[in-house]
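Coordinate analysis (summary)
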Amino acid sequence: MKRSICVSIAIFFMVCFFGSDTMALQTSESEELFFSSNQAYRQGRFQEAIDGYGRLIHAGHKDGNLYYNMGNAYFRLGQLGRAILSYERARLLIPGDADLNFNLNYAHDKTQDAVSESQDLVGMTFFWLKDLSLGELLWGFAILNLLFWTTLLIRLFSRFEWTYYACLISMILWIIAGASFGLKWYELNTDNRAVILEQEVNILAGPDIRDTVLFKLHAGTIVHYERSEDGWSLVSLPDKRSKNRGWVKTEAVEPFIEKNQG
Amino acid sequence: MKRSILVLLALFQFMLISCPARADVSVSMRLDREEAVIADSISMVVSIAGARKSDSTPVLKGMEDFDITQGGTSSRFEVINGQVNSGIDYTFFLQPKRTGTFEIGPVEVTVDGKTHRSNTATLTVVKQPESSGINRGPLFLTAGLSSTKVYVEEQSIYTLKLYHQTRVSNISLDLPDIEHLTFRQLGKPIEYQGFYNGRSYDVVEVRYALIPSGEGICGIEPSRIKMTVAQPEHRSRRGFFDDPFFSFSTGRPVTVASEPLELNVLPLPDKGKPSDFSGLVGSFKINSRLEPNTIKAGESATLTVLVNGRGNVNRIPDLKWPEPDHIKVYADEPVLKVKEDAKGLSGSKTMKWALVPEKEGRYKIPPLSLNFFDTEIHQYREIETSRLSISVLPGEVKQIHASTDHSNGQKIESHAKKAVKELGHDILPIHTSIKDLGKGSIIPPGGLVFWFVFIGPFFIYAVAFLGLKFGKKSDRSLATLTAKKAAKKFIKKCRQDGLSSSDLALSFRTYLNERFNLSLGSLTSKEAAEILKSEGADLDTARKILAILKRLEDAVYTGRGQKACALGEDASQLVRQIEKEIR
């Protein structure tokens, strides 16, 4: 029995050592590309900067700062829809970044359509989720996890009354932190928001160019993406009260969550 | 209960005692009318507020032309909204000796050694009207005008008097509806005792101000009063209920009418009519005051102009004040007060201005003028305020707060803070630091430390928990194993050949100790049977065991303990039985 426990511990630490850092490697090539893209941005070669940031992202650097820089470059090019898309993607990764929030608000101010998203009960209850990234929540959960198991461990050997309350409090915090992490993870994996990319698009009653135009949307407007059929995407407005939905050309709209992002 | 009553009584007594000390003593006097005929008896009530008694009866001044009769006293005590009011009223009846206008009062009252004086009142006593010689009966209505010839907008007092010698109730008055003539009631109806044609009547008097708005002869139709006149019921037999106190009476409706009157309304003359005439008719005065007379530049003084008089006071215009140089003028809302008394409408209008001189010096305040048609002298008059002036001293110089940097001698002026003004809009720059790269990854944080923090605590806890659990379990398992093996050991022992009684007894005791985790050194047959019963063995089995053990004990204690016994097989059978029963 003792032997099996020792083997388990050894395997655990081996996994920790050799399998922990699965992030993309920051090679000197990536750094060079990052610097050259920044240089291109400064010199006004925005498309070149966008290409550079895009290559870094596709190379595995799913980084909020790269999306942010890319959003800036799109904004300078006047592509408001793509700028907002990049900013929103950056916001999924670095939601607390002050520069990002400033630029995103500014970009939203430039949009033409007055569309607001309905606030749901979970969002109001777990109000801190929108300002914390998944990683930050996980770190918080890990620290509270340490606190919780430590108090339980103390309780195992010491039956003082304070250990009971310490266990209770740490358990409540642990549950909240765990639920926050779970909800954030769920949000990220079920986020169906998308951005209108073209300057003005017709939202049709069906996936056919001859169908009735229901309403028009403009670049930067956020919609909810539902499904795609033959080059057409079914989208709806995020305001649940409006119930406006219709079909739009797939190339005119792009979801926040990239297909290869998971 | 008694205690609470005593407390309440004490509190009440305290209120009674304390109220005169707390309240301010004041004395007032009122007459039941302002005009009377020489035969009338006028009621005068002297009210002392804030005291429940006076040192002596009130002393009436200016009563040489009247015969005075004291009518009695009454005291008042009332609590209104928690405020205690008390007082005493003295009633006097005045019988005029001659006609004329008299200033009645003041009345002097001494309370607690201090003399208090009342207000005064004016009473006009006129001659008895000429008797028509016609007896008008016990109930009639008269109407009279104070003046039959008035100017447009000049008021004439229309007096209605209901004379009655019988009791009347449900009185309602119908006034005539006349074009260009407005009736305005002056106070509440008053009741008093009067004389007409030498006969005494109860009189109800009501007065109206008649204000004509158009010129010409204006006929005033009779006014009518409807009422119920009481009729005592006549009984044929006198009985207990014939006492006047219990007398029942019925009423009959009666309507009486006054005589028609005529009012000659004259137009206001065009001669001397001011171009800015406001239509004010009557008798008016104007007063002004400036407070304070000396101020500093930038401070304010208040100019108050008061116009008061008798007439159509609602026509008093809002006076305009020319704004002089270097004085800023801020007008206040004028306040109009209208009073109604027996002589008609009177009132006042108060106008105020705040004057703020900007510079030092002496400023003259130009007079304000008001014109009106004076009904006493029958011509237009212009009245104006007195000339006032204001001295303005130099104002305080506003200090500019500045701080001096003595090190370099430069003055740094402090500035008022302003709201941040947005001059342009743009996005913030890109993130260029290589440190930023990789910070904002969607991949959860990894590394040894993270996994140690995330899984390590659980792992450590699990190991500790299992360790503790396992330790306890192993102890229990050993005991169980020993118990399981006890029966086998005993049966094996029983199979041995030549097993003595003492060995068998010892083996059985060992079996019981191991089987039930006991640590008994010696064991009687009864104790063994009890243990078995308590552990769930059948009663019959326990009894059989008891029997075998007794036989073994007998053998041991009779010196046959070392001899071989034939109970081994029976004992092993019984142990098997026990194992089945207590499993």
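What comes next is a walk through the structure. (Residues numbered from 1 in each chain as written. Chains lettered and ligands numbered in written order. Predicted model: local features only at pLDDT ≥ 70, side-chain atom pairs only at ≥ 80, totals over all residues.)

**Some remarks on the overall build of chain A**
Check the secondary structure of chain A and you find 9 helices and 7 strands. The proportion of buried residues among the 262 residues of chain A is 34%. Taking all contacts inside chain A whose residues are at least 6 apart in sequence as the whole, residues at least 24 apart take part in 57%. (Helix = DSSP H or I, 4+ residues; strand = E, 2+ residues; numbered from the N terminus. Buried ≥ 20, exposed ≤ 12 C-beta atoms within 10 Å, placed from the backbone. Contact = placed C-beta atoms within 7 Å.)

**As for the pairing of strand S17 (residues 199-212) of chain B**
A regular strand places its side chains on the two faces of the sheet in alternate fashion. Residues and elements named next belong to chain B. By the criterion of burial, S17 is predominantly enclosed, with 10 of the 14 residues buried. Alignment of strand S13 (residues 156-164) against S17, held across 9 bridges, turns out to be antiparallel. What sits directly across from His164, in S17, is Asp202. Pairing of strand S16 (residues 190-196) with S17 involves 7 bridges; the strand directions are antiparallel. The residue bridging Tyr196 from the neighbouring strand is Arg199, located in S17. (Pairing = 2+ DSSP bridges.)

**A look at the nonpolar core**
One recurring pattern in soluble globular proteins is that nonpolar side chains are buried together. Residues and elements named next belong to chain A. In terms of nonpolar packing, the biggest core is built from 44 residues, with Tyr87, Val195, Ile196, Val223 and Val253 touching the most fellow members. If you tally residues by element for this core, the top one is helix H5 (residues 80-93), at 8 residues. Taken domain by domain, the makeup of this core includes at least three residues from each of domain 1 (28-110) and domain 3 (193-261). Once residues within four sequence positions are removed from consideration, Val195 is found in contact with Gly81, Ile84, Leu85, Glu88, Gly220, Ile222, Val253 and Glu254. (Core = buried A, V, L, I, M, F, W, Y, C linked by C-beta atoms within 7 Å. Domains from an automatic or database assignment.)

**Comments concerning the sheet that holds strand S28 (residues 361-365) of chain B**
All names here are of chain B. Across the sheet, 3 strands lie side by side as S23-S31-S28; this open sheet has mixed pairing. Edge positions in the sheet fall to strand S23 (294-296) and S28, since each has one partner strand and no second. Along the sheet, successive strands turn relative to each other by an average axial angle of 30°, direction set aside. Pairing geometry for S23 and strand S31 (residues 388-393), over 3 bridges, is parallel. Its bridge partner lying in S31, Ile295 is registered against Val392. (Axes fitted to C-alpha atoms, helices over the stretch in contact; angles between N-to-C directions.)

**Observations regarding the sheet that holds strand S2 (residues 35-37) of chain B**
All names here are of chain B. What the 3 strands build is an open sheet, ordered S2-S10-S7; its pairing is mixed. At either end of the open sheet lies a strand with only one pairing partner, and these are S2 and strand S7 (100-104). This sheet shows a mean twist of 30° between the axes of neighbouring strands, independent of strand direction. Pairing between S2 and strand S10 (residues 121-126): 3 bridges, direction parallel. From the neighbouring strand, Val37 faces S10, where its bridge partner is Val126.

**Re helix H6 (residues 568-581) of chain B**
Residue and element names in this part refer to chain B. For H6, spanning 14 residues, the distance from its first C-alpha to its last is 20 Å, which sits close to the expected 20 Å at 1.5 Å a residue. Those residues of H6 lying buried are Gly568, Ala571, Leu574, Val575 and Ile578. The buried residues of H6 all sit within an arc of 125° when viewed along its axis, so they share a single face. Residues Glu569 and Lys580 are exposed on H6 and point more than 90 degrees away from its buried face. (Expected span 1.5 Å × (residues − 1). Arc of directions from axis to C-beta.)

**Quick notes on the pairing of S31(B)**
Pairing geometry for S28(B) and S31(B), over 5 bridges, is antiparallel. Looking at S31(B), one finds that B:Arg362 is bridged to B:Ser391.

**Some thoughts on the packing of helix H4 (residues 64-77) of chain A against H5(A)**
Residues and elements named next belong to chain A. Between H4 and H5, the least distance of the axes is 7 Å, while the angle of their chain directions is 165°. What the angle tells us is that H4 and H5 run roughly antiparallel. The two elements H4 and H5 meet at a crossing, and its hand is left-handed. Two secondary-structure elements touch here, H4 through Gly64, Tyr67, Tyr68, Met70, Gly71, Tyr74 and Phe75 and H5 through Arg82, Ala83, Ser86, Tyr87, Arg89, Ala90 and Leu93. Across the contact of H4 with H5, the residue classes tally to 9 nonpolar, 3 polar and 2 charged. (Parallel < 35°, antiparallel > 145°, perpendicular 65-115°, else oblique. Left-handed = near helix turned anticlockwise from the far one by under 90°. Nonpolar A, V, L, I, M, F, W, Y, C, P; charged D, E, K, R; others polar.)

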